[in-house]
Amino acid sequence: MNKYVKKGLCLALAVGLIATSFAGCKKVNYVTNGAIQAINEIKDGSWQNTDDTVSEEDFDAPVIDEFAAGTYGGVEFKSVEDVVNFYVESYNYSKTLMADYIDDSGAKQSWYKLLGEENLEVGGIKIDGSENPTINKLVPGIVGGLYTPGLNGLVPSTNRNPDLDTDEWDGNGETLVTSRLVADDIVTANVTDNGDGTITLKMQPKAVNMSAPGKDAQGHMFQSLGAIDKTVDSITMLSWSEGTTAENCKVNYYGGVATVTINTSSKEITSAEYVMIAKVAVNHANITVIKDKSASLDVTMTWKYPASDEYLKTSKGVTRA
């Protein structure tokens, strides 16, 4: 068995734990158990050196078409600020709309009309800058097995109930019922006229390291991770050969896009897809006998609205009343 695969897997799993925090996962013991299970399954592996690092200067490179002023669906947009303002107005209105649901205990509940499907994917796992196919196959499966998809209002919502929809997961923070997005949060945006009374906005928020829901450019658009210090420090097998958790753990958010379709007459959001991308990196890590190693992986979170009846039922035991 390749000893480098063993060591790399342990480190990749530790980084994978950070990724599961996007769903509020608390099962830190999976690092040890998952590593044992995965190591037993590894037969062989070969490293392939890569050098595709993206510099911080490129984090805010546009990944969508640039803004073009014009009239779309009967609405005039002179600037990116106009796009953001129209989105915020539509977002705020859409989150005033409620619908009745039957929860998993059979009780009737009034929640946001527009609830979304959620999905997490991890990939691009590297140890000391190198990628290994075996680890790339095993880690996403272990992380995915612990991930529980959410059912919330329009991101960055943290709940389906507006009374509990706050920027703190325990519901005790400041409300997220209304959008905090501003023009300065955006790299670029564009508008498409769909010819059916709706327009589609695409918006790319600016890069942020260690984003939190409702607190910054990424957190104004997406349900981002928040502080990871406690999560990382809870990994008892993990320590640092030098520096602190804050210095050695980075979660850089960039390249994500929100695609939102709006009825221009009512200003109701009819459908949306939010794709958030985060690059998780750990440096100078010690894990048991592994000393001063680095690891990184990519996290892609996707939210789609509206959620299908099948998703409501299978993921949360919820039906529409």
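Residues numbered from 1 in each chain as written. Predicted model: local features only at pLDDT ≥ 70, side-chain atom pairs only at ≥ 80, totals over all residues. Heavy atoms only, no water.

Draft legend 1. Spotlight on the sheet that holds strand β4 (residues 98-102). Read from one edge to the other, the open sheet built from 3 strands follows the order β5-β4-β16, with strand pairing classed as antiparallel. Pairing within the sheet leaves two strands with one partner each, and these edge strands are β5 (108-112) and β16 (319-320). Pairing of β4 with β5, which is carried by 5 bridges, proceeds in the antiparallel orientation. Paired with Met98 across the two strands is Tyr112, which belongs to β5. (Pairing = 2+ DSSP bridges. Helix = DSSP H or I, 4+ residues; strand = E, 2+ residues; numbered from the N terminus.)

Draft legend 2. Examining the side chain of Thr200 more closely. Counting through the fold element by element, Thr200 comes out in strand β9 (residues 198-205). You can call Thr200 buried: its relative accessible area is 12%. At 3.0 Å, the side chain of Thr200 and the side chain of Asn194 are in polar contact. (Buried < 20%, exposed > 50% of the residue type's maximum accessible area, 1.4 Å probe, protein only. Polar contact = N/O pair within 3.5 Å; in protein donor to acceptor, adjacent residues only side chain to side chain.)

Draft legend 3. How the structure looks around helix α3 (residues 80-94). In this model, α3 (15 residues) spans 21 Å end to end at C-alpha, consistent with the 21 Å of a helix rising 1.5 Å per residue. The set of residues buried in α3 consists of Val83, Val84, Phe86, Tyr87, Val88, Ser90, Tyr91 and Ser94. Looking at the buried positions of α3, the neighbouring elements they touch are β3 (75-77), β8 (186-193), β9, α5 (217-221), β13 (257-263) and β14 (268-287). (Expected span 1.5 Å × (residues − 1). Contact = heavy atoms within 4.5 Å.)

Draft legend 4. Quick look at the packing of aromatic side chains. By the definition in use, this model includes 7 aromatic pairs. An aromatic cluster is defined as three or more aromatic residues linked by ring pairs; in this entry it consists of Tyr72, Phe77 and Phe86. Between Arg160 and the ring centre of Trp111, over which it is positioned, the NZ or CZ distance is 4.9 Å. (Phe/Tyr/Trp six-rings, centres within 6.5 Å; stacked < 30°, edge-to-face > 60°. Lys NZ or Arg CZ within 6 Å of the ring centre and 35° of its normal.)

Draft legend 5. Up close: the confidence of the model for the protein. Confidence along the protein averages 83 in pLDDT terms, with 79% of residues attaining 70 or more. Long-range and interchain partners of residues 1-9, a stretch whose pLDDT sits below 50, account for 22 contacts in this model, where long-range means more than four residues apart. Throughout residues 25-52 the model reports pLDDT below 50, and contacts reaching past four residues in sequence, or to other chains, amount to 60 contacts. (pLDDT = per-residue confidence, 0-100.)

Draft legend 6. How the structure looks around the environment of Gly219. As for its placement among the helices and strands, Gly219 is situated in helix α5. Gly219 sits in the buried class, given a relative accessible area of 0%. When the C-alpha atoms of Gly219 and Pro205 are compared, they prove to be 9.1 Å apart, with 14 residues separating the residues in sequence. The residues touching Gly219, leaving out its near neighbours within four places in the chain, are Pro156, Ser211, Ala212, Pro213, Gly214 and Ser224.

Draft legend 7. Geometry of the nonpolar core. One finds Tyr87, Leu201, Met203, Met221, Val260, Ile269 and Tyr274 to be the most contacted residues of the largest nonpolar core, which totals 53 residues. Considering every element that reaches this core, the biggest residue donor is β14, with 9 residues. Counting 9 residues, the second largest nonpolar core, distinct from the first, contains Tyr101, Trp111, Leu115 and Tyr311. (Core = buried A, V, L, I, M, F, W, Y, C linked by side-chain atoms within 4.5 Å.)

Draft legend 8. Representation of the pattern of salt bridges. One pass over the structure, following the stated rule, counts 10 salt bridges. Note that Glu89 and Lys267 form a salt bridge whose closest N and O atoms lie 2.9 Å from each other. Taken together, the positions of Glu89 in helix α3 and Lys267 in the loop between β13 and β14 put the pair 178 residues apart, joining distant regions of the chain. For Glu89, a relative accessible area of 40% puts it in the partly exposed group. The class of Lys267 is partly exposed, set by a relative accessible area of 24%. (Salt bridge = Lys/Arg side-chain N within 4 Å of Asp/Glu carboxyl O.)

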